Structure formats: C-alpha cells, structure tokens
4 protein chains.
Amino acid sequence: MHSILLTGFEPFGGEQTNPSWLAAQQLDGYQLDDEVQIVSRQLSCEFEQSQQQLKTAIAELNPVLVLAIGQAGGRTELCFEKVAINFIDARIADNAGQQPIDKTVVTEGPAAYFTTLPIKAMVNSLKQAGIPAAVSYTAGTYVCNTVFYALMHQLRDTPKVRAGFLHIPYAPEQAIGKSVASMPVDMVVRALKLCLPVALQSSEDMQIAAGTLD
Amino acid sequence: MHSILLTGFEPFGGEQTNPSWLAAQQLDGYQLDDEVQIVSRQLSCEFEQSQQQLKTAIAELNPVLVLAIGQAGGRTELCFEKVAINFIDARIADNAGQQPIDKTVVTEGPAAYFTTLPIKAMVNSLKQAGIPAAVSYTAGTYVCNTVFYALMHQLRDTPKVRAGFLHIPYAPEQAIGKSVASMPVDMVVRALKLCLPVALQSSEDMQIAAGTLD
Amino acid sequence: MHSILLTGFEPFGGEQTNPSWLAAQQLDGYQLDDEVQIVSRQLSCEFEQSQQQLKTAIAELNPVLVLAIGQAGGRTELCFEKVAINFIDARIADNAGQQPIDKTVVTEGPAAYFTTLPIKAMVNSLKQAGIPAAVSYTAGTYVCNTVFYALMHQLRDTPKVRAGFLHIPYAPEQAIGKSVASMPVDMVVRALKLCLPVALQSSEDMQIAAGTLD
Amino acid sequence: MHSILLTGFEPFGGEQTNPSWLAAQQLDGYQLDDEVQIVSRQLSCEFEQSQQQLKTAIAELNPVLVLAIGQAGGRTELCFEKVAINFIDARIADNAGQQPIDKTVVTEGPAAYFTTLPIKAMVNSLKQAGIPAAVSYTAGTYVCNTVFYALMHQLRDTPKVRAGFLHIPYAPEQAIGKSVASMPVDMVVRALKLCLPVALQSSEDMQIAAGTLD
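Where an unreviewed UniProt entry is consulted, chain A appears under the name Pyrrolidone-carboxylate peptidase, with the organism given as Rheinheimera mesophila. For chain A, the Subcellular location (unreviewed entry) comment in UniProt is given as "Cytoplasm". One UniProt comment on chain A, placed under Function (unreviewed entry), says "Removes 5-oxoproline from various penultimate amino acid residues except L-proline."

Below, the structure written as structure tokens:
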C-alpha cells in the first residue's frame, strides 16, 4: 500500500479551529483505490517545529505524493499554490512565540521552488464538479510558505514524489462577523477526494491558461 | 395547518440557476411542527409579473409569515434586509426585457417599509449555529427590492403577518472563475430550518447591535 | 448673497482626521458665482449634538442647498446617498459615548426620505471629469445616516431647498496599513467645485441608470 | 551624471492610458541631485518586445538603479514587488497578440529572483509621507512579471545596480464604473521623488515586518 501524505495545521492567530486540519483529519486512512491510501498529520504552526514534523513524516511514510494544506482567511476558493519562496517575514508571532523577519527558509537554498503537482488539472477537475478553485501565485511569507518551501526542498532530489500546497478559505463558523468568504469543511474534503486521484494519474499538467495579470 | 410562504427567483443575469429558488424548492412542504408548513413558490425575475405572483400566492395561502429570498452575487453571508425602498433603477433589463429607471414601485407609496421579521433574532440563531449571517441595509434597486417593497405594501394593513427578504450568496458552482464568495444551497436550507421557527416564536426582536457605520 | 451649507464631521472611530471636514473646510467662503457662496460647518460625531448643530446652521444661514459630507472608510468612490432611513443602530459608541441600538431618528417620522439633490446629474458631471463617483443606496445606521435623515426631516416642508448626503473614501494617510481604497482631499474639493453648480442648475435629475442589482 | 532608469508600460487590456507610463514620463529628466537624473522609457505590453527594449535601455544608459513600473488594476496602494518568477501564463493576449501559457521567461533560468531594492525602506518612507504603500509577494504571470524577471536576470552579475518592480493602482479616470480603488498619477510621481533617493542611499534594507500570512 502506497501513502499520500496530507498535512493540516493547528489553529493560529486567535482562531479556535483550523479547517486545514479538520479536512485532512477526515481523510486519514481514506483509500483512493486498492493501492493508495491517505495518511494525515497535523503540523504545528511554528516555523521550526513544522519543518521537523514534515521531515519525520516523509521519512516514516515514504509517500508517493504530499499535499500540505493551510488556512488562508479571506480567500474565496481553493487555491493551489504555484511557487514557494525562500523568504520568511512574520506579521504575527508563530505559536512558539517566534516572529522571524527577513529570513530565509533554507540558507543558500534557491530563491523559489515550483510545485510538482499538476495543479491546473486538479483545479480543472474541481471546477467541473462545481467547486471554486484556482491557481495562486503567492503562499505568503508565514508558516504556510515556509512549510511549502521546506517540503519542496526536502523532495528536491526525488521529483517523482509530487508535492504541493493548498490554501483553503475559512470554515463558515470562522467567517461569522468578519464579512469574508468561507467554505464548509465537507466541501474541502469532497474536493480532495476528487483532485488527489487526478494528481496521481496526470503524468503531465494541462496546458490551459490560469494566470493573473498582476 | 398554517402556511409560511417562501419565495425564490428564477435565474437572471445570464446565470443558469438561482440558489434562492433551489433552496426554497427543497423546503416546499416541509413542516416546522404540527401546525405550520412551508409552501414555496418561484417568482419570475420580472418587475411586473413578480408582484402579481406574490399577490396571488398571498391571497391563496393566507400565510402567517412570508420570506422572499433572492440571490445577491458577491455577498459573503446570509443577509436579512432591514428596509425596502420605493425606488426602481434597473442596471440590466429584467427577464421580460424591461429596464425601468428612476421609477417608484407603488405610486404614492411611502418612501420605505421596514421588515416586520425579528431579523436580529434570526441572524443571532444562525451565528450560534456557525452560519455566517448579518443584517443588511440595502436590497438594491432591482427586482429583489421591488418584490420586498411590494410584499410589505401588500401586507401593510396586516402587521401580524410578518414578512421580509433574505439575500443569499452565489451557490459555489456560480462562483467559479469569479473569485467571489459562495455558500452551498444545503447550508441555506439548513439556515432556513433554523431561523424560521425563531421568526415565528419571537414576539419582539432582540436588542443587539447590528448596524453599519456607513 | 445666497449660501450653500456644507458640513463635515470631526474625527471618530480612533482616526486622527476626518476628510469630510478637511474638504468642507477648504471650501468655506468659496464663491460659486456672484450670487452663491459656500459656508462650511463642522458637526460633532454625536447622535444628539450633530442634529442640533445642523438645525442651528440652517436657521442661521437660510441656505439654498445643503450637502452633508461624511467619511466612509472602505468605499472606493464618491457616493451620493439616495435614501436616509429612520433607524439608528450604533456598532460603536459616538464621540459622546452614546451607543443607541434599534432607535428611530425621529419618533413617528416616515421610514425614509429620499435626497432632493439631482444626484445622477452630479455623479455624471464627476465621471465626465475623471473622478470616480456613484449613487449609493445605504448611508448606514450610524451618525451619518442620522444627520442625513434629520436634514431631510428638517427641510421636509421646504422642498425648494435641496439637500443630500455625500460619503467619501478615506484620505490616503488614513488608508496606510489598511489595504483599502483612498482619495486625496484635494480631489474631493475639486469634485465639490464641479458638482455643486450642477446641483444648483439642474431643475430635474438625469434619467440614466445608476442602480444596483442587490 | 548617473542615470536611474524608470520604465512604464503602454496601455493594455482595453484601457486608454497606463498610469505607469504617465508617472514615469513626468519624471523623465528629473534630477535627484547634482549627480543623478531619471531617464524614463516606455515599454511595449508585449512579452518579447518589452525584454528587448529593457535590454537596449540598460546597455545604452548603464544606469545605477532600475525601477520598472506597471499598472495593477484593483490594488489599493503602491506595491513594491519582492519576487519575480520564471513563469509566464497569459490570461489575455499581449499587445502583439501572443498568449503564452505555462512558459518560462528564461529557459534554464532560476525559479525566481528577489528584488535588490531596499523595498521596506522605500515603503516606510512613503508611509511616513502619508502615501499608502506595501510590499507585494506576487507580480502575477503576465508582462509585468516577465519584465521584472528579465530585468533581474539581465542584472544578475551586476548586483550593485539595484533593480525592482513597482505595481501601481488604476488612475482615477480608469476606476470609473469599476468600483475599485485608484490613485492619482500626481501622487505616484510624488511617491517616486520620495522613495528613489531612499533607494540610492540605503546600503541595507530596514528590518521591519512587512509579510503576509497567506
């Protein structure tokens, strides 16, 4: 049995829950088919600890694919991130009280890594199913981008293990009183069941426009 | 058996569906308890026809409560409208091809009517249940506001029949490619099952702040 | 010499300035022509006091036209308000510490008043000059709407004295760190010099679409 | 006399003007001091041509600093871009009719370059002056990002020649009818006069938080 590693984060920024973990947790043990099952792990919202947890999980599971998920309050759709940058700039302290500013994720690492997931094909499969999704070109400069960069760096010599990052909107209960968009966790779970098989089966990504003007 | 009249609109503005009718339709025949059941009717997205349909339905059903529902693309939460204004200004033509500009809904009618629903209590019940909801102070100047105003005007002499208007976000499949918020129709249905009993049972509205600065 | 009364507010909500007064102040004494000049007055951001100040200024000046201006943080353009509602619901306390909830502005007053300014013609003149402007259908439920409603109520028996309310965006220095739109005070001043003559000269408003769908 | 090269773009996407060139044009020949003057050049909104024009201008002027400017409709503030990515994905065709999808800017180039301008110090100088500004972490995937990446690639061996990219909001006349933020070109010009000397004089960037969570 092969594993897909799915990670979600613990709550941060004063929130009581984190929909990224609520969604990943529901899929822990889910079998895509006879050969592949999902293993879900929660990451700390800490710059240092999260990278170690990711490394440990990858070493232990030897996954065929890794998708890290994070909450992006204010986004309106599922956002598959294209690029992880070697840059940390924390607007608020992480859950360990650290607030690094103007740092690299990996000293001497390249400026950026692109995801190795076929994210256009994944986005397309979700749109076909009526679920709002898009490609995003910034994962921010906080723990999400750090985990994404660390993930791509850890797997830089094993390109066959596809990896990437998904930003998801607030859960509805988090959006109350904020006047921002939200998406039920059940819809995120349904989306993951749809797009992960697409990720496994697409040998090349689709050639369709998914860009932004600025 | 008493009736609650629930109305939703047909699609307009180039959309294939209208979540207001999809939600209302699911609740047609739903019984709140032994004495009250919902009757749902679809309204045309036409300035003239919709008012007649509403009048016919009210005459036929003699409802104890009326809630008209409409789609408000771009909104992030369920919006209970406070005020209907005696003003029509159509940015696009209605489904009958009419585009009235700077007209009244009812000649010699008052400038506005307030809803008679306990909308703060309804909003509060939804927030408690984790569903984003708020009071809104403009229903626009298109068919939604016209139906809302016509509804309050038709019931102006029977204040015991509470009535109001609910604006709902796009359904997720409508939001694809638009980068705007959405809410699944199932969540709207769940919200209606929660807040309609509150509307029936609240003799007075709650005294909690729900205003906007501008 | 006839007077146009222009009012702006003092700062509120933790802001250091209020662009509505900064703009009005610059136009105090400005002559539109040989017969009409602007007189500007600052209003307190207090529900009670502001209404008295407005009444006193109108009694003293006997103006031919009144435009009250207020800051609407987050708006992207100059918004000429269509309708004032007889409703107060304060999300935050006013500058006198009062936070009325679910109150009327005028007991037994009508639900709403429409502006008597030719706001479509005014908006049109600004757009022609390259200045973003629009008609708005809610002035909120705070001090701005209260002043607007009180203004229309005070002048209800003198329809020849046209009156209305203009909401303006943050000044640029207020928008710093908020990621919201702003408009320089100089542009607001230029806009007022353009649209106030239009207001005086238009016997009827323009018949052009300026509505919103929801 | 040393040169600062300032570039702006021709109009695109159906617009009649491009505020990036309107601002740059006003500063052509402007002397920061006795030793440094600005030279402004217009770039075509074409993927191929713009890179050539940039190369030609740099070869001709041998500038001490290069700032490319582009219009970012919908942004609310001046956005100094942190990172240029080696990726092109055109949502609309460029002005030469080309719409490349999923291409690199430079074959075998690194995934990304960071700006070499002290952008935090530049942002800080503008905020101090009351002008909304921020660091941005995506320049999109259209001609702006392409020019930015090409610029950093062309100067990769001459790090003393600092270079970067500035995205600016719509001019007010472009925002009419769009309900989006805008900024007068004069304010952009004033901002450039303030932040370009800061860029020349700062040997290191400021260590202040300017990150985004997602």
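**Section: the interface of chain D and chain A**
Listed as interface residues are 38 residues of chain D and, on the opposing side, 38 residues of chain A. Contact between chain D and chain A buries roughly 3000 Å² in total, counting both sides, with carbon and sulfur atoms accounting for 61%. Summed over the shared surface of chain D and chain A, the result is 6 salt bridges. Contributions of two or more residues to the side of chain D that touches chain A are made by strand E5 (83–85), strand E7 (101–103) and strand E8 (112–114) of chain D. When residues in the side of chain D that touches chain A are grouped by element, the largest group, 3 residues, is from E8(D). Classifying every residue of the side of chain D that touches chain A by side-chain character gives 20 nonpolar, 11 polar and 7 charged.

**Regarding the relation of the copies chain A and chain B**
By a simple turn and slide, chain A fits onto chain B: the slide is 0.0 Å along the axis, the RMSD is 0.0 Å, and the turn is 180 degrees. The transformation just described matches what one would write down for a two-fold rotation axis. Distance from the rotation axis, computed per C-alpha, reaches its smallest value in chain A at A:Ala181: 2.3 Å. Looking at chain A, 100% of its interface residues are interface residues in chain B too, so the copies touch through the same face.

**Focus on the pairing of strand E1 (residues 2–9) of chain D**
Two faces belong to every sheet, and in a regular strand the side chains alternate between them. All names here are of chain D. For E1, a buried count of 7 out of 8 residues is recorded, marking the element as mostly surrounded by other parts of the structure. Traced from E1 through helix H1 (residues 19–26) to strand E2 (residues 36–43), the parallel crossover comes out right-handed. Note: E1 against strand E3 (residues 65–71), 4 bridges, orientation parallel. Pairing of Ile 4 across the sheet is with Leu 65, part of E3.

**Let's talk about the sheet that holds strand E2 (residues 36–43) of chain A**
The pairing of strands in a sheet happens through backbone hydrogen bonds and is either parallel or antiparallel. Residue and element names in this part refer to chain A. Strand order in the open sheet formed by 6 strands is E2-E1-E3-E10-E4-E9, with mixed pairing between adjacent strands. Each having just a single partner strand, E2 and strand E9 (133–136) make up the two edges of the open sheet. With strand direction ignored, the average angle separating the axes of adjacent strands in the sheet is 25 degrees. With 7 bridges connecting them, strand E3 (residues 65–71) and strand E10 (residues 162–168) associate as parallel partners. The residue of E10 that forms the bridge with Val 66 is Ala 163. Contacts from helix H1 (residues 19–26) reach strand E1 (2–9), E2, E3 and E10, with the element oriented near 155 degrees to E1. Relative to E9, helix H3 (residues 119–128) is tilted by about 160 degrees, and along the sheet it contacts strand E4 (78–81) and E9.

Analysis parameters
- Counting starts from 1 at the beginning of each chain's written sequence and moves along it residue by residue.
- In the order they appear in the text, chains get letters beginning with A and ligands get numbers beginning with 1.
- The predicted origin of the model limits local features to residues at a pLDDT of at least 70 and limits the giving and counting of side-chain atom pairs to 80 or more, whereas totals for whole chains, interfaces and linings rest on all residues.
- Excluding hydrogens and water, the side-chain figures rest on all heavy atoms present in the structure.
- UniProt positions are given in the numbering used here, feature names are shortened, and annotations may be inferred rather than shown by experiment.
- The criterion used for residue contact is that any of the two residues' heavy atoms lie within 4.5 Å.
- Using a 1.4 Å probe, buried area is obtained as the accessible area two parts lose upon being combined, added over both of them.
- What makes a salt bridge here is a side-chain nitrogen of Lys or Arg within 4 Å of a carboxyl oxygen of Asp or Glu, nothing more.
- Going along the chain from the N terminus, every DSSP run of H or I of four or more residues is numbered as a helix, and every run of E of two or more is numbered as a strand.
- Following the grouping adopted for this structure description, the nonpolar residues are Ala, Val, Leu, Ile, Met, Phe, Trp, Tyr, Cys and Pro, the charged ones are Asp, Glu, Lys and Arg, and the polar ones are all others, Gly among them.
- The copies were overlaid with a least-squares fit restricted to C-alpha atoms from residues scoring a pLDDT of at least 70 in each copy.
- Relative accessible area decides the class of each residue, using a 1.4 Å probe on protein chains only: under 20% of the type maximum gives buried, over 50% gives exposed, and in between gives partly exposed.
- Every crossover in which the path from the first strand over the helix to the second runs clockwise, viewed with the strands pointing away from the viewer, is termed right-handed.
- Strand pairing follows a simple DSSP-based rule, namely that at least 2 bridges must link the two strands.
- Inter-axis angles, ranging from 0 to 180 degrees, are taken between N-to-C directions of lines fitted to C-alpha atoms, where helices are fitted over the stretch in contact.

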